[in-house]
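Descriptive structure summary
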Amino acid sequence: MPDLYPYLIASLPMLHFGAPAHISFEQFLLKCQELIPQDDFTLLESLPLQCEYKGAQATIRRWVDFEIMLRNELVKLRASRKRIDPAKYLRPDGSAGAILYHVALAAQRNPSPLEGERILALAKWDFLEELSFGHYFDLDFLIIYACKLLILEHWERIKSADKNKILTEALAGN
């Protein structure tokens with residue numbers, strides 16, 4: 001099967017944080033299935049499980065490392081608030097810098113849980129933007145595109161949720 005990355009990538013809609021994706025992850029996979037090698041397609045198909053996948057592909061490894069570092073910073077902040085030792089909740093390979101600490105702190109201190117979640121999602125989006133530098137018509141571009149698409153789908157589910165029903169269930173204790 002030929003790898004038609006330039007044709008595939010040129011046919012994908014642009015993605016912008018906070019805007020509708022105009023393509024679902026499933027539609028994206030269907031497009032990819034016809035135009036890229038099977039090994040690359042299998043890799044893309046496994047991305048929803050990316051936090052468990054720590055394979056040899058460099059872009060996925062960097063994405064997973066970023067996710068672990070961000071989650072570890074959140075664990076440290078939450079543990080300090082509850083006055084417990086965070087060590088047993090931390091994932092290995094997760095040393096982080098000051099930037100992720102400040103992102104996690106801003107998300108945790110925000111009075112709106114939804115806005116805190118948006119801060120975390122925007123930090124992930126920005127990291128993916130950094131990762132995309134130099135990748136225009138290759139597998140790395142498709143991996144980054146798929147990760148961004150999953151972020152947008154997550155936010156679309158949040159926006160379309162029946163907020164009154166969720167509030168009623170939460171107040172009823174279900």
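It should be noted that the structure appears before, not after, this text.
Structure report, in brief. (Residues numbered from 1 in each chain as written. Predicted model: local features only at pLDDT ≥ 70, side-chain atom pairs only at ≥ 80, totals over all residues. Heavy atoms only, no water.)

**Section: the overall build of the protein chain**
The cut-off we apply is this: Here a strand is any run of E in DSSP of at least two residues, a helix any run of H or I of at least four, and the numbering for each starts at the N terminus. For every residue, the accessible area (1.4 Å probe, protein chains only) is compared with the maximum for its type, and the residue is labelled buried under 20%, exposed over 50%, or partly exposed between those bounds. We call two residues contacting when some pair of their heavy atoms lies within 4.5 Å. Areas reported here follow the Shrake-Rupley algorithm with a probe of radius 1.4 Å; residue values treat only the protein chains shown as occluding. Positive charges are assigned to Lys and Arg, negative charges to Asp and Glu, while His and the chain termini are left out of the count. Working definition for charges: the position is that of NZ of Lys, CZ of Arg, CG of Asp or CD of Glu.
When its secondary structure is counted, the protein chain shows eight helices and zero strands. Counting from the amino terminus, helix and strand elements in the protein chain follow one another as α-α-α-α-α-α-α-α. Overall, the protein chain is about 55 × 40 × 25 Å in size when its C-alpha atoms are taken along their principal axes. Residues classed as buried in the protein chain amount to 37% of the 174 residues present. In the protein chain, once contacts between residues fewer than 6 apart in sequence are set aside, the share between residues at least 24 apart is 67%. When the accessible surface of the protein chain is split by element, carbon and sulfur atoms take 59% of a total near 10,600 Å². Distance between charge centroids for the protein chain: 11 Å, based on 20 positive and 23 negative side chains.

**Here's the deal with the nonpolar core**
Selection criterion: Put simply, a nonpolar core is a bunch of buried Ala, Val, Leu, Ile, Met, Phe, Trp, Tyr and Cys residues held in one set by side-chain atoms that sit within 4.5 Å of each other.
If you look at the biggest cluster of nonpolar residues, it comprises 49 residues, and the most contacted ones within it are Phe28, Ile36, Leu44, Trp63, Leu142, Ile143 and Leu149. Counting only elements with at least two residues in this core, the list comes to α1 (5–11), α2 (25–35), α3 (38–45), α4 (58–82), α5 (98–109), α6 (113–131) and α7 (139–160). Tallying contributions element by element places α7 first for this core, with twelve residues.

Read these as geometric descriptors, not functional statements.
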